[in-house]
Amino acid sequence: MINVTKPFLPSLSEYTEYLEGIWERNWLTNNGPLVNDLELKLKEYLSVKHLLFLSNGTIAIQIAIKALELKGEIITTPFSYVATTSSIVWENCKPVFADIDPLSLNIDPKKIEERITPATTAILATHVYGNPCDVDAIELIAQKHNLKVIYDAAHAFGVTYKGKSIFEYGDASTTSFHATKVFHTIEGGAIFANDAQLLKKMSQLRNFGHSGPETFECVGINGKNSEFHAAMGLVNLKHIDSILESRKIQALTYDKVLAPLRIQKPLILPGANWNYSYYPIIFESEEQLLKSIQVLNDNWVYPRRYFFPSLSTLHFVDKYEVPVSEDICRRVLCLPMYHSLKTEDIDFIARLLLRVQNN
Ligand SMILES: *Cc1c(COP(=O)(O)O)cnc(C)c1O
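Description of the structure in this document.

The rules behind the values
- Residues numbered from 1 in each chain as written.
- Predicted model: local features only at pLDDT ≥ 70, side-chain atom pairs only at ≥ 80, totals over all residues.
- Heavy atoms only, no water.
- Pairing = 2+ DSSP bridges.
- Helix = DSSP H or I, 4+ residues; strand = E, 2+ residues; numbered from the N terminus.
- Axes fitted to C-alpha atoms, helices over the stretch in contact; angles between N-to-C directions.
- 1 Å grid on protein atoms, 1.4 Å probe; cavity = no way out; pocket = protein on both sides within 12 Å on 5 of 7 lines; lining within 4 Å.
- Points joined across faces, edges and corners; volume = space filled by probe spheres on them.
- Nonpolar A, V, L, I, M, F, W, Y, C, P; charged D, E, K, R; others polar.
- Domains from an automatic or database assignment.
- Buried < 20%, exposed > 50% of the residue type's maximum accessible area, 1.4 Å probe, protein only.
- Polar contact = N/O pair within 3.5 Å; in protein donor to acceptor, adjacent residues only side chain to side chain.
- Contact = heavy atoms within 4.5 Å.
- Near = heavy atom within 4 Å.
- Areas by Shrake-Rupley, 256 points an atom, 1.4 Å probe, with all protein chains shown as cover.
- Parallel < 35°, antiparallel > 145°, perpendicular 65-115°, else oblique.
- Left-handed = near helix turned anticlockwise from the far one by under 90°.
- Core = buried A, V, L, I, M, F, W, Y, C linked by side-chain atoms within 4.5 Å.

### Section: the sheet that holds strand 3 (residues 73-76)
Taken together, seven strands build an open sheet; the order of strands is 2-10-9-6-5-3-4 and the sheet is mixed. Lying at the two open borders of the sheet, with one neighbouring strand each, are strand 2 (52-54) and strand 4 (94-97). Going across the sheet, the axis of each strand differs from the next one's by a mean of 25°, ignoring polarity. With three bridges joining them, strand 6 (residues 148-152) and strand 9 (residues 172-176) adopt parallel strand pairing. Within strand 9, the position partnered with Ile150 by the bridge is Ala172.

Structure representation (structure tokens):
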């Protein structure tokens, strides 16, 4: 069976080495030495000034919204995972959808401007499949209208734009270290911000609002992560270069063998160094997509309709016209991609897809 993804696991002995230390110290969570070490090593690896390691990527978005004290309307993309939208609703704000660009599949800056009202306080955009948004255009709009910017960079580990980590753009960026992501800590996430004051507030929000052992500055939440999760991160970080390299090779192999297939692929932002975190293809029609899924499934291959459906169709959001997102969602499919996927597997998948097209 070939699934759309398969979490990376290091050798068991690499992990148990860290477990021995945890048993010696008897320190399991609450800002322990492995959590500190992981934060330090991630800062070095990513070349970012600050980050906070959190329990997951969804709490990261919620803490970002809370720390920036956002109210009212947040303009966001309908083409993302549900956590991007549900976090806005969870924080008592209203998601306002701006349609996506049909080539990059990221939120279209021109459509953002059309959605701005006196109630708008922020833009929450996703770097879809790790492909950076048009951050320059978004920054200009935010400055002009005095809006905050949060990037959901859950897919964007290791991505740079104009030589700078994509995590350093916006007032805050969030990411996910979930088991299915390129770099993972089983469950986990992080938040990035350059403003020292904002960062301090986020750090308090992560820890119940504590400002000292017996003082509480604000209404916080438990967004901490454990030594066990940090240990997985420390081990996986040693393998990340090889993980990223293997994905690049797989993507280039797919590109080659799928060349005769009539599909569209997202246009990567010029100036970006992409991480190949997914292999999305867009069929000419939903009918072609459904036929392809059927044939793949018949051969024990399980791609995933990611993202489907468009978030604009959720029952707990207001309706906005976003025809591009709704059209792309019906036609996009993510093909299998994970560390141990073999060239033969990719050849096999390509033969099946071409057979459907030529039938
Ligand atoms: C995975 C993901 C999240 C949520 O991250 P978790 O760590 O699973 O909470 C949010 N946004 C996007 C775009 C994602 O892919």
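And the narrative resumes.
### Side note on empty space enclosed by the protein
Evaluation of the coordinates by the stated rule reveals three cavities of 30 Å³ or more. The volume enclosed by the largest cavity comes to roughly 80 Å³. A breakdown of the residues in the lining of the largest cavity according to their chemical character gives six nonpolar, three polar and three charged. When residues of the lining of the largest cavity are assigned to domains, at least three map to each of domain 1 (2-237) and domain 2 (241-358). Put simply, the second largest cavity is a space of about 50 Å³. In terms of lining residues, the second largest cavity is bounded by His50, Phe167, Glu168, Tyr169, Gly170, Asp171, Ala172, Ser173, Phe192, Ala193 and Asn194. In terms of residue class, the lining of the second largest cavity is built from five nonpolar, four polar and two charged.

### Let's talk about the side chain of Ser165
Within the secondary structure layout, Ser165 lies in strand 8 (residues 164-165). Classification of Ser165 by relative accessible area gives buried; the value is 5%. From its side chain, Ser165 meets the backbone nitrogen of Phe167 in a polar contact 3.1 Å long. When sequence neighbours within four positions are dropped, the list of residues in contact with Ser165 reads Leu46, Ser47, Val48, Val159 and Thr160.

### Some words on the site of the ligand
Close to the ligand lie 16 residues; Thr58, Asp152, His155, Ser176 and Lys181 are nearest. In the environment of the ligand, an oxygen atom lies 2.8 Å from a nitrogen or oxygen atom belonging to the backbone of Gly57. His155 places a side-chain nitrogen or oxygen 2.7 Å from an oxygen atom of the ligand. Expressed as a share of its isolated accessible area of 380 Å², the protein-covered part of the ligand is 93%. Residue assignment for the shell around the ligand shows that the elements contributing at least two residues are helix 3 (57-67) and helix 4 (82-90). Tallied by class, the residues present in the shell around the ligand amount to four nonpolar, 10 polar and two charged.

### What about the sheet that holds strand 8?
Pairing is antiparallel across the open sheet formed by three strands, whose spatial order is 8-7-13. Each of the sheet's edge strands pairs with one partner strand only, and the pair in question is strand 8 and strand 13 (272-273). As paired elements, strand 7 (residues 160-161) and strand 13 share two bridges and run antiparallel to each other. From the neighbouring strand, Tyr161 faces strand 13, where its bridge partner is Ala272.

### Considering the packing of helix 3 against helix 4
Here helix 3 crosses helix 4 at 40°, and the two axes come no closer than 9 Å. One finds that helix 3 runs oblique with respect to helix 4. Once helix 3 is placed against helix 4, the crossing between them reads as right-handed. When helix 3 is examined against helix 4, the residues Thr58, Ile61, Gln62 and Ile65 are found in contact with a partner set consisting of Ala83, Thr84, Ser87, Ile88 and Trp90.

### Let's talk about the nonpolar core
Grouped together as the largest cluster of nonpolar side chains are 57 residues, with contacts concentrated most on Leu42, Ile138, Phe157 and Phe167. No other element matches the nine residues that helix 8 (residues 227-257) contributes to this core. The residues that make up this core include at least three from each of domain 1 (2-237) and domain 2 (241-358). With sequence-adjacent residues up to four places away left out, Ile138 is seen in contact with Ile107, Pro109, Ile112, Ile123, Ala125, Cys133, Val149 and Tyr151. Counting 25 residues, the second-largest nonpolar core is a separate cluster that includes Ile2, Tyr254, Met337 and Ile349.

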